[in-house]
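Residues per chain are reported as follows:
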Amino acid sequence: MPTVQFKINGRAAQAQAEPQDLLVDVIRGQLALTGTHVGCDTGQCGACTVLVDGQATRSCTLLAVQAQGCEVTTVEGLAHNGEPHALQRAFTDCHGLQCGFCTPGMLMSAAALLRENADPSEADIVDALEGNLCRCTGYVNIVASVQEAARLLRAKGAA
Amino acid sequence: MSAVPAVEVGRFGSGQQVKRVEDPALLAGKGQFTDDVAPARQLHVAFVRSPHAHARIVSIDTAAASKMPGVAAVFTGAQLAAAGVKPMPVVVPFKRPDGSDVVTAPRRALAHERVRFAGEAVAMVVAASRDGARAAADAVWVEYDELPAVTDAVAALKPDAPRVVDGLPDNIAAVSQHGDAKAVDAAFERAAVKVAVDIVNQRLAPSPIEPRTVLADFDAKSQRLTIRLSSQMPTGVRTSVCDALGLKPDAVRVVVGDVGGGFGMKTGAYPEDIALAHAARALQRPVKWRAERLEEFLSAVHGRDVVSHCEMALDANGKVLGVRVKAVGNTGAYATGTGILIPLVIGPWVTTSIYDIQAIDLRLQAVMTHTNTIGAYRGAGRPEAIYVIERLMDAAAREMRLDPAELRRRNMIRPDQMPYTNPMAQVYDCGQFEKILDQGLKLADWHGFAARREASRRAGKLRGRGIATFLEWTSGMAFEERVTVTVTPDGMIEVNSAVQGMGQGIATSLAQLAVDVFQVPLDRIRVVMGDTDRNNGFGSAGSRSLFIGGSSVHVASKRTIDEARKLAADALEAPAADIEYRSGRFSVSGTDLGIGLFELAGKQHDGRIYVDSTNAVGGPSWPNACHVCEVEIDPATGSVQLVAYASVNDIGRVVSPQIARGQVEGGAVQGVGQALLEHMAYDPAGQPLSASFMDYALPRVDGFRAFKTEFDTSIPCTTNAIGSKGVGELGTIGATPCVVNAVIDALDHAGQGRNAERVQMPLTPERVWRALHGDYDPPPLQG
């Protein structure tokens, strides 16, 4: 079985992966990072979204071997030195989650957006989250959470 | 001395916005959904599912699959039947048209001899890996003798329709008639105004984002089966598994961790749960199944699917004299108690809603077809019934050229009529519906609509305005909850409840209610749910968790203080009557003598203060609301945009304002989904046509989000200890008729007049465009 080497949440990792193994299964299985969820197994719901080299990527439609040499970030890697990411703070402040199942994917799609765009418009946020399904919140508070996180990050940057 | 610092309890108690206790773990990726638990030696399950809607199983060849790498076992329905696994029981207190008892086809964990809907599980493969199980499932060879199928409930009523249950003269699972037909006939005879609408309340897929997941494990030492799964009703699952496998309740433990959305779809046991329980016992290994999304569309229960012909009679002043409804509900192939109860009883309970209407004539049929089971989906019966009455109200207002809000006002039950008994013998304890209406109209700027319509017209859009004023029944018909409270010397108060978190944030709300009584910080309360070894009850459904479960937490907490007061009296050698409790500390009034609650717990012989408390509420609560929305239609494409949505909601006392708002708005988006987007469609041969998120249109982030949501907390429920009313389903129930009424208003104004009432959900661009050109679907019930 081939060995795949990549960085996950800043640390070197290696995993044994058959050519057909999906990245999400390696993340949830061998790497035991269960924060990344499988909601539809067809690339349609976005719950499995992770960052691959900074890009929001569905880990259920990426082969594990394709992550060779890449830098992968999952929801477990969002916090920094034990401090929650601004998105994590904003999602709880703005009630941007209910059941929390789609949330890791939402957070990672939003994180990818905020890396590129520190001051996204509502339309930018909608565009970034269009591929992430949520059945609980009606998206109202999710968009508000991303706006709040962007504000927090800008305030931090200005300080 | 207690280690607990003095706190301002008001910051954490009910009515205050707090951060949800559920959030930190979920946001860190540390939640514990069923698939996140992976014991060593776990095996994986894949199901072989029927490609046919109706077929005889001629043979199943598992030889090739059994030899594939890593395959531990392949089970068929025949094997399970031979092993004594019983079909799932159906208990329904209803009758068929000839007075005989309800008869349904036996629902087995795995189909045996016959399949009755596309997607029914016929075999189960257990293998070392998920992929291995999937590959082996593909190698199971099933020979079918295909039989004719019927998927539409009205078509299933035809004399020559294919039968779902052998030997029955028809496909009717049950019938029910409510009201006084003669009185309604008389009302129609003397009526000045009569209106009728034909309604399709289409089939929906509830679609929580977490698919069903089950992990069953058998411990040979204790001979106990542990089932971990994503469910709203742990105890109900235990009962069903015990019944099917012939086990005693103490031989089965059901554990539920985080649940990734329920919406009614995760109530009760599924055949797959029983199949896994059997496999775990047979193989003495942990076995896991995580449903693929396709399997969820095929075999997780669907909701709604009721068609009706509805009539209303009014006098010249707009007072409703009577309502007549003829409805056919689709139960799917395997009619369940829930699937029959929803159209035949639960819906009728609220048919007259908040209106003073005593003459009803409801003739209802629950009909079996070769489709997946219909079960509970957010609202379960109330959305269908409220949709009917709110559509009729608008039709009558249009006919009478009256403001639809004014027509509703003329018919509302007045506060001085409370408690009010509706014609289904349901008693509303309280409600000030006109007051809620007035606030809703103000919040929505109802009377400023003409200018907005004109502005839309200038922009080339057709604007419509819709309203729904309504109530709902809550409780799930289970009014009691047991709560245990354990105070420990480490400064924690554990509250154990048998209601079930499924994303709604009930742990936070229960903790806030405990804070109200104990006057300690929120982080001193630990809410524990989801373990049938600890507590049992009905679970979470029917918007019952807060007003029933929460009332029980409130009462149990007070009983704990009462019990602890006696213990404090002993410890302080003072009469209990002289002991005061405040913020985690008992003291003897007028002295500086005292003892902390947690220190007191440490002094007890078992090192804790423990109270086991059962409490019942006095009846269902009746949350109610006024929802008003506006839409814009693009006449070129027929696409509908929701552009304004305001609601004033009476849910009695609000415990967690942010959570309540999240429930109403998130729920409303589901209701908008039914109005505009969603349809779980089958073709006439029984093939599902919308079995993926690319085909089944869930609301997405690009929809409407600018809700104006208010609560009137001045009308507490009088039949429970905390004064709260249910909130989980209110938004879903109101949004659907509200949005459809707005679209019909726009179509009416565009020249369609009363014809516009013929449009059916979901209001897709195609349907709306056709409606604008006078082309409508035929009514579902002819003649």
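Computed from a predicted model, the values in this text were never measured in an experiment. (Residues numbered from 1 in each chain as written. Chains lettered and ligands numbered in written order. Predicted model: local features only at pLDDT ≥ 70, side-chain atom pairs only at ≥ 80, totals over all residues.)

(A) Region of the structure containing the overall build of chain A. Scanning chain A from terminus to terminus reveals 5 helices and 5 strands. For chain A, the succession of helices and strands along the chain, N to C, is β-β-α-β-β-β-α-α-α-α. Computed over C-alpha atoms, the radius of gyration of chain A comes to 15 Å, within 12% of the 15 Å expected from 2.2 N^0.38 for 159 residues, which places it in the range of a compact globule. Projected onto the principal axes, the alpha-carbon positions of chain A cover approximately 45 × 35 × 25 Å. The buried share of chain A, taken over its 159 residues, is 58%. Counting contacts in chain A only where the partners sit at least 6 residues apart, residues at least 24 apart contribute 60% of the total. (Helix = DSSP H or I, 4+ residues; strand = E, 2+ residues; numbered from the N terminus. Rg over C-alpha atoms; globule rule 2.2 N^0.38 Å. Buried ≥ 20, exposed ≤ 12 C-beta atoms within 10 Å, placed from the backbone. Contact = placed C-beta atoms within 7 Å.)

(B) Representation of the overall build of chain B. Counting secondary structure elements, chain B contains 19 helices and 28 strands. For chain B, the C-alpha atoms occupy an extent of roughly 80 × 70 × 50 Å along the three principal directions. Sorting the 783 residues of chain B into buried and exposed places 59% on the buried side. Of all intrachain contacts in chain B linking residues separated by at least 6 positions in sequence, the fraction that spans at least 24 positions is 82%.

(C) Broad picture of the domain arrangement of chain A. All names here are of chain A. What the domain assignment lists for chain A is domain 1 (3-77) and domain 2 (86-158). Between the C-alpha centres of domain 1 and domain 2 there is a distance of 21 Å. Listed per partner, the contact involves 15 residues of domain 1 and 13 residues of domain 2. At the level of elements, strand 3 (49-52) and strand 4 (55-58) are the ones that each hand at least two residues to the side of domain 1 that touches domain 2. Examining the composition of the side of domain 1 that touches domain 2, we find that 3 residues originate from one element, strand 3, more than from any other. Here the residues of the side of domain 1 that touches domain 2 sort into 7 nonpolar, 8 polar and no charged. (Domains from an automatic or database assignment. Nonpolar A, V, L, I, M, F, W, Y, C, P; charged D, E, K, R; others polar.)

(D) Region of interest: the nonpolar core. All names here are of chain B. If you look at the biggest cluster of nonpolar residues, it comprises 306 residues, and the most contacted ones within it are Val125, Val739 and Val743. Element by element, the count of residues in this core is highest for helix 18 (residues 730-752), at 11 residues. If we ignore the near neighbours within four places in the chain, the residues touching Val743 are Gly464, Val631, Ile633, Val640, Val759, Leu763 and Val768. (Core = buried A, V, L, I, M, F, W, Y, C linked by C-beta atoms within 7 Å.)

(E) Focus on the confidence of the model for chain B. All names here are of chain B. Of the residues in chain B, 99% have a pLDDT of 70 or more, and the chain-wide mean is 96. Scored below 50 in pLDDT, residues 1-7 shows 20 contacts in the model against residues more than four places distant or in partner chains. The ipTM for the predicted assembly is 0.98, set against a pTM of 0.97. (pLDDT = per-residue confidence, 0-100.)

(F) Layout of the packing of helix 2 (residues 86-93) of chain A against helix 3 (residues 103-116) of chain A. Residue and element names in this part refer to chain A. Put simply, helix 2 and helix 3 touch, their axes get as near as 10 Å, and they point 125° apart. Considering their axes alone, helix 2 and helix 3 lie oblique with respect to each other. When the axes of helix 2 and helix 3 are compared, the crossing they make is right-handed. Between helix 2 and helix 3, the contacting residues are Leu87, Gln88 and Phe91 on the first element and Thr103, Leu107, Ala110 and Ala111 on the second. Class assignment for the residues of the contact of helix 2 with helix 3 results in 5 nonpolar, 2 polar and no charged. (Axes fitted to C-alpha atoms, helices over the stretch in contact; angles between N-to-C directions. Parallel < 35°, antiparallel > 145°, perpendicular 65-115°, else oblique. Left-handed = near helix turned anticlockwise from the far one by under 90°.)

(G) Spatial organisation of the environment of Arg524 of chain B. Residues and elements named next belong to chain B. Along the chain, the position of Arg524 falls in the loop between helix 14 (506-518) and strand 21 (525-528). When the 22 C-beta atoms within 10 Å are taken as the criterion, Arg524 is described as buried. With 33 residues separating them in the primary sequence, Arg524 and Gly491 have C-alpha atoms 6.5 Å apart.

(H) Fine view of helix 17 (residues 657-676) of chain B. With 20 residues, helix 17 of chain B should reach 28 Å at 1.5 Å per residue; the first-to-last C-alpha distance of 28 Å fits that figure. The element helix 17 of chain B is extensively covered by neighbouring structure, given that 18 of its 20 residues are classed as buried. (Expected span 1.5 Å × (residues − 1).)

(I) The arrangement of the domain arrangement of chain B in detail. Residues and elements named next belong to chain B. Each assigned domain of chain B is listed with its residue range as follows: domain 1 (9-31 + 476-616), domain 2 (35-147 + 207-299) and domain 3 (303-474 + 620-772). Summarising the inter-unit geometry, the C-alpha centres of domain 2 and domain 3 are found 36 Å apart. Contacts between the two partners involve 24 residues from domain 2, matched on the other side by 26 residues from domain 3. Of the residues that constitute the side of domain 2 that touches domain 3, the class distribution is 14 nonpolar, 7 polar and 3 charged.

(J) Region of interest: the sheet that holds strand 13 (residues 303-314) of chain B. Residue and element names in this part refer to chain B. In spatial order, the strands read 7-15-14-13-8; together these 5 strands make up an open sheet with mixed pairing. Strands at the two margins of the open sheet, each flanked by one partner only, are strand 7 (172-179) and strand 8 (193-204). Pairwise comparison of adjacent strand axes, ignoring direction, gives a mean angle of 10° for this sheet. Direction of pairing for strand 8 relative to strand 13: antiparallel, over a ladder of 11 bridges. Following the sheet pairing, Ile199 is matched in strand 13 by Ser308. (Pairing = 2+ DSSP bridges.)

(K) A look at helix 11 (residues 404-411) of chain B. Residues and elements named next belong to chain B. Of the positions making up helix 11, those classed as buried are Pro404, Ala405, Leu407, Arg408 and Asn411. Seen end-on, helix 11 carries its buried residues on one side only, within an arc spanning 160°. On its buried face, helix 11 is in contact with strand 14 (320-330), helix 10 (382-400), helix 12 (433-443) and strand 18 (462-471). (Arc of directions from axis to C-beta.)

(L) Inspection of the sheet that holds strand 11 (residues 252-255) of chain B at higher detail. Residue and element names in this part refer to chain B. With mixed pairing, 7 strands are arranged side by side in an open sheet as 3-5-1-12-9-10-11. At either margin of the open sheet sits one strand with a lone partner, and together these are strand 3 (71-76) and strand 11. On average, each strand axis in the sheet is inclined to that of its neighbour by 20°, with strand direction left out of account. Pairing of strand 3 with strand 5 (residues 121-127) involves 5 bridges; the strand directions are antiparallel. Along strand 5, the bridge assignment pairs Val74 with Val125.

(M) Looking closely at unusual backbone geometry. Between Met418 of chain B and the following residue, Pro419 of chain B, the backbone shows a cis peptide bond with an omega angle of -10°. In this fold, Pro419 of chain B is placed in the loop between helix 11 and strand 16 (420-421). A cis amide bond links Met761 of chain B with the next residue in sequence, Pro762 of chain B, at an omega value of -10°. Even without glycine at this site, Asn81 of chain A takes up a positive phi of about 50°.

(N) Quick peek at the interface of chain A and chain B. With 42 residues of chain A at the contact, the number on the chain B side is 45 residues. The set of elements that each furnish at least two residues to the side of chain A that touches chain B consists of helix 2, helix 3, helix 4 (122-129) and helix 5 (140-158) of chain A. Per-element tally for the side of chain A that touches chain B: the top contributor is helix 5 of chain A, with 4 residues. Classifying every residue of the side of chain A that touches chain B gives 23 nonpolar, 15 polar and 4 charged.

(O) Representation of the pairing of strand 5 of chain B in the model. All names here are of chain B. Taken across its 7 residues, strand 5 has 7 buried, putting it largely inside the fold. Relative to strand 5, strand 1 (residues 43-49) is paired through 6 bridges, and the arrangement is antiparallel. Each bridged residue has a counterpart across the sheet, and for Arg49 the counterpart in strand 5 is Ala121.

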